[in-house]
Amino acid sequence: MGKYILKFSPVIVAIIMALFPSPAGLSPEGWYFLSIFIGVIIGLIIEPIPAALVGLLGVSIVAALGLVDPNPTASRNWALSGFSNGVIWLIFSAFMFALGYQKTGLGKRISLVLIKYLGKSTLGLGYAIAFSDAILAPFMPSNTARSAGTIYPIVSNIPLMFNSTPDHEPRKIGSYLTWVAIAATCVTSSMFLTALAPNLLAIDLIAQTTNVQISWGQWAKVMIPAMLPLFILTPWLAYVIYPPTQKTSPEAPLWAKKELEKLGAITRKELMMLGYAVLALIFWIFGKELGVNSTVAAILVLSLMVLSDIITWEDVISNKSAWNVLIWFATLVAMASGLSKTGVLSWIGNLSSSYLQGLPPFTVALFLVLMFFMLHYFFASTTAHTTALMPLFMVTATVLLPAEMIPQIALMLAGSLGLMGIITPYATGPSPIWYGSGFISQARWWFLGAIFGALYLASMLILTALYV
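Definitions and cut-offs
- Residues numbered from 1 in each chain as written.
- Predicted model: local features only at pLDDT ≥ 70, side-chain atom pairs only at ≥ 80, totals over all residues.
- Heavy atoms only, no water.
- Axes fitted to C-alpha atoms, helices over the stretch in contact; angles between N-to-C directions.
- Helix = DSSP H or I, 4+ residues; strand = E, 2+ residues; numbered from the N terminus.
- Left-handed = near helix turned anticlockwise from the far one by under 90°.
- Contact = heavy atoms within 4.5 Å.
- Nonpolar A, V, L, I, M, F, W, Y, C, P; charged D, E, K, R; others polar.
- Patch = residues over 30% accessible without salt bridge, like charges linked within 9 Å, V, L, I, M, F, W, Y side chains within 5 Å.
- Areas by Shrake-Rupley, 256 points an atom, 1.4 Å probe, with all protein chains shown as cover.
- Salt bridge = Lys/Arg side-chain N within 4 Å of Asp/Glu carboxyl O.
- Buried < 20%, exposed > 50% of the residue type's maximum accessible area, 1.4 Å probe, protein only.
- Phe/Tyr/Trp six-rings, centres within 6.5 Å; stacked < 30°, edge-to-face > 60°.
- Lys NZ or Arg CZ within 6 Å of the ring centre and 35° of its normal.

(A) Molecular detail of the packing of helix α7 (residues 106-118) against helix α14 (residues 251-263). Running from N to C, α7 and α14 cross one another at 145°; their axes reach a closest spacing of 8 Å. When you trace α7 past α14, the crossing you get is left-handed. Residues Lys108, Arg109, Leu112, Val113, Ile115 and Lys116 of α7 lie in contact with α14, whose contacting residues are Ala252, Pro253, Trp255, Ala256, Lys257, Glu259, Leu260 and Leu263. Each residue belonging to the contact of α7 with α14 can be placed in one class, and the counts come to 9 nonpolar, no polar and 5 charged.

So this is what it looks like as structure tokens:
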């Protein structure tokens, strides 16, 4: 019985909410939309059905009821609006870049080369893992594909060389490498706009809510200098706070050397993949000056990858993860736009302003970043967190903060999405994979998550103080 209640809880919550009278200042259509939206968010959190299907159900029910627009054609156009969104196709294309790294073996080669030259000590291994993630991050919008799909299969071989397993001396080396891997990917996910799909979703929601546009270059100008010191410190901090008992690792470089010999000389396809990645990055950074839209550039590079046989067209149409994310994010973008169209956001903005009105703008900005970060304890998905909270926090910011502060607070909120993945074993995509390796107990993970989460949050608050 409990299983069925959990499965249908999104529907139950939506229906119960809808049965209550609409609150003052919000139309009945707005209240019904908000009820369905809350049901969608609960569905994304507990996932009784695939997340993409949750989004499809949400937009189709809203469109069928005519809550956004009573005109059937206009309602259909709203429901499908997310699929014409450029950011969604940029995310899709970037998933194909990740596939190119995996198919050519370039991602694996990069990791092995770093282990070969940095892995003579355990601390050096930590930096090899971190740098592997950082090199791949600008081109992989899925930290799950990057950290869990590319780096984890390589790193998982290393503890076994030292007889370090979850059941036998996990602290010898396995626990340290596990924590460095997840901590590093959280930092790199905030460092680059295209390192985490919810980053791209966030900037689209920000643009919808406030008309503030954040480009790859604008993100990089602030977040790379801010995150770089944190990134460099992370392996050392883990080494100090959660030290391994094995301090040297001469076997690891020898193993990496043998694995590289098995791979052989770098191939033409690997070099081409590297060239395409650099080309995409140039367009993302300088696209505005070159007159090329970032999404158009990504689709162009994707087409070139297929034409040059880096990946095949069959790879494109059979990449379930990429198509799943495209449908998932497209429907969520449409749902988020409905919050504005039905008047929900303006109602919430007026409501929140009554509690925070009168506080200095700087205090409000710090409070928003603090609450946005801490509320992630209640989410098992960064995407759900972004969809549920980004529009609400941005409309609150527009009500309470001066117009000149809005671009900065928008960047601070979006920039915290990667970092908040450190706090729990379920906070971001690769967390369950690394936690599932068994090297770190749940209690220890929560403890380390609290320490590193506090450090990462402090860095975001300092950043807010500097830029807002």
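That shown, we press on.
(B) How the structure looks around a nonpolar patch on the surface. Together, Ile5, Phe8, Val11, Ile12, Ile15, Ile16, Leu19 and Phe20 line one region of the surface with nonpolar side chains, adding up to about 790 Å² of accessible area. At 5 residues, helix α2 (residues 9-19) tops the list of elements feeding residues into the nonpolar patch. For Ile12, the location among the structural elements is in helix α2. For Ile12, a relative accessible area of 37% translates into the label partly exposed.

(C) Focus on the pattern of salt bridges. Applying the stated criterion across every chain, the model contains 5 salt bridges. Glu270 is the salt-bridge partner of Arg109, the closest N and O atoms lying 2.6 Å from each other. With Arg109 in helix α7 and Glu270 in helix α15 (residues 268-290), the pair connects residues that are 161 residues apart, well separated along the chain. For the pair Arg109 and Glu270, a shared accessibility class is recorded, and that class is buried.

(D) How the structure looks around the environment of Gly124. Looking at the secondary structure, you find Gly124 in helix α8 (residues 122-136). Note: C-alpha distance between Gly124 and Pro235 (111 residues apart in sequence) is 8.6 Å. Residues contacting Gly124, with those up to four places away along its chain left out, are Leu118 and Gly119.

(E) Spatial organisation of the packing of aromatic side chains. Applying the stated criterion to the full structure yields 20 aromatic pairs. When the ring of Tyr435 is compared with that of Trp445, the centres are 5.8 Å apart and the planes differ by 85°; the resulting orientation is edge-to-face. Placement of Tyr435 in helix α23 (residues 431-436) and of Trp445 in helix α24 (residues 442-467) is noted, with a sequence separation of 10 residues between them. Counting every residue linked through ring pairs, the aromatic cluster contains Trp179, Tyr435, Trp445, Phe452 and Tyr456. Residue placement shows Lys247 over the ring face of Tyr239; its charged tip is 4.7 Å from the ring centre.

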